[in-house]
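# Coordinate inspection notes
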Amino acid sequence: MSSQPVATAEPSPVSSCPECSGHFDRAGGETHCSDCGLVVDEQQIDHGPEWRAFDADECRRTGAPRTVTRHDKGLSTEIGRDQSDANGTALSARKKRRLSRQRRLHSRAKFESKRQRNLAHGLGEIRRLTSALELSDSLRTQACSLFKSAQDSDLLMGRSIEGGAAAAVYIACRCSTGIEMHRLADVARCSESHVWTVYRAFQFELELPVPIERPVDRVPRVLAALPVPVTDETRRRARELARQVDGDPAFTGSRRGIAAGCVYLAGEETGQEWTQTTVAEAAGVVPPTLRMWHQRLLEHVDE
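Residues numbered from 1 in each chain as written. Predicted model: local features only at pLDDT ≥ 70, side-chain atom pairs only at ≥ 80, totals over all residues. Heavy atoms only, no water.

## Things to note about the packing of aromatic side chains
Using the following cut-off: Between 30 and 60 degrees the pair is tilted, below 30 it is stacked and above 60 it is edge-to-face, where a pair is any two Phe, Tyr or Trp rings, Trp via its six-membered ring, whose centres lie within 6.5 Å. Where helices and strands are cited, they refer to DSSP runs of H or I of at least four residues and of E of at least two residues respectively, numbered from the N terminus. Burial here depends on accessible area, computed with a 1.4 Å probe over protein chains only, as a share of the maximum for the residue type. Under 20% is buried, over 50% is exposed, and the range in between is partly exposed. Whether a charge sits over a ring comes down to the Lys NZ or Arg CZ being within 6 Å of the ring centre and within 35 degrees of the ring normal.
The final tally for this structure, using the stated rule, is three aromatic pairs. Relative to Trp196, the ring of Tyr170 has its centre 5.6 Å away and its plane inclined at 70 degrees; by these criteria the two rings are edge-to-face. Here Trp196 lies in helix α6 (residues 192–205) and Tyr170 lies in helix α4 (residues 161–176), a separation of 26 residues in the sequence. Residue classification places Tyr170 among the buried positions, given a relative accessible area of 5%. For Trp196, a relative accessible area of 25% corresponds to the partly exposed category. Members of the aromatic cluster, connected to one another through ring pairs, are Tyr170, Trp196 and Tyr199. Here the guanidinium or amino end of Arg296 rests over the ring plane of Trp293, the centre of that ring lying 4.7 Å away.

So, in structure tokens, the structure goes:
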């Protein structure tokens, strides 16, 4: 008796819903009916390649891109804390103890030296500050690169890591957008005076081209801080006065005081007469400083 292989026909995939004969939707890793919502298949495995390239020569099996916001540029791995395996089966007590020991050894082996551990701590502090201040990812990357350059130049010796991280964030914001130091000091883990000290050291030693704030850049902040509404005519006149004195050797000094004088003089000319105390508090200066720059602006306008 000769044995012959018996052909076994595989079941053909169902092309329509067995409940309502509707069409299937295979998006999202599951197959469900688009009419009645019946789920026919779920947890589907994609056996295709993980890359997405239109040129066959560019196909590479790679992970996430490298980033300077991590001490190892994002190439490290983490051991999860799930209490089950990939199939959803609960781990035994022996496997839990083994994973706990491996997790502890892995955390110790992530850093090659204390210098790298300090770098990881500083970059983590920068991520916390930029997240609290709702800053962009580009500013976070710039601050991390600046912090690493300061560490390579040994500028963090004798200074706190938190102060260095806050100073790096402040310099990155000064180079691109405006930010008040008191806002940064509110979320930083060090005093405002310490941040100023580290900021000056970074700026001097690294020779950073930090732009100088002009009065015309400070005027909108003073107007926004006023407790009363401001007319468009007053806004235009205040900015016009600030542009007139920009670059004048006679107006070199406190940018806040000059901006406060421009706003106060513009309010007088347009009929919005605020008190000197109100404008000075909005600009963050004292009334005598406001009166001094207001008098200089009057002399400049009369000329």
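## What about the sheet that holds strand β2 (residues 31–33)?
Condition: Paired strands, in this sense, are two strands between which DSSP finds at least two bridges.
Strand order in this open sheet of three strands is β1-β2-β3, and the pairing throughout is antiparallel. Of all the strands in the sheet, just β1 (24–25) and β3 (39–41) have a single pairing partner and so form its edges. Pairing analysis gives two bridges linking β1 to β2, with the strands arranged antiparallel. In the sheet register, Phe24 faces β2, and the bridge partner there is Cys33.

## A short note on unusual backbone geometry
Phi is positive for Asp154, close to 60 degrees, though the residue is something other than glycine. Counting through the fold element by element, Asp154 comes out in the loop between α3 (137–152) and α4. Here the phi dihedral of Glu207 falls at roughly 55 degrees; this positive angle occurs in a residue that is not glycine. Along the chain, Glu207 turns up in the loop between α6 and α7 (215–225). For Glu207, a relative accessible area of 68% puts it in the exposed group.

## A short note on the packing of helix α2 (residues 114–132) against α3
Basically, it comes down to this: What counts as an axis is a line fitted to C-alpha atoms, over the stretch in contact for a helix, and the angles between N-to-C directions run from 0 to 180 degrees. If an angle is under 35 degrees, it is roughly parallel; if it is over 145, roughly antiparallel; if it lies from 65 to 115, roughly perpendicular; otherwise it is oblique. If you view the pair so one helix is near and one far, a crossing is left-handed when the near helix is turned anticlockwise from the far one by less than a right angle, and right-handed when it is turned clockwise. By the convention used here, residues are in contact when the closest approach between their heavy atoms is within 4.5 Å.
Across the interface, α2 lies against α3 with an axial gap of 10 Å and an inter-helix angle of 150 degrees. By the angle between their directions, the pair α2 and α3 is classed as roughly antiparallel. Considering only the axes of α2 and α3, their crossing is right-handed. Where α2 abuts α3, its residues Arg115, Asn118, Leu119, Gly122, Leu123, Ile126, Arg127, Thr130 and Ser131 lie against Arg140, Ala143, Cys144, Phe147, Lys148, Gln151 and Asp152.

## Points about α2
Note the following rule: Each helix should span, by expectation, one fewer than its residue count multiplied by 1.5 Å.
Under the 1.5 Å per step criterion, the end-to-end length of α2 is 27 Å for 19 residues, consistent within 8% with the ideal 27 Å. Buried within α2 we find Gln116, Leu119, Ala120, Gly122, Leu123, Glu125, Ile126, Leu129 and Thr130. Where the residues of α2 are buried, they touch α3, α4 and α5 (181–187). One or two positions beyond α2, positive phi appears at Glu134, with a value near 60 degrees.

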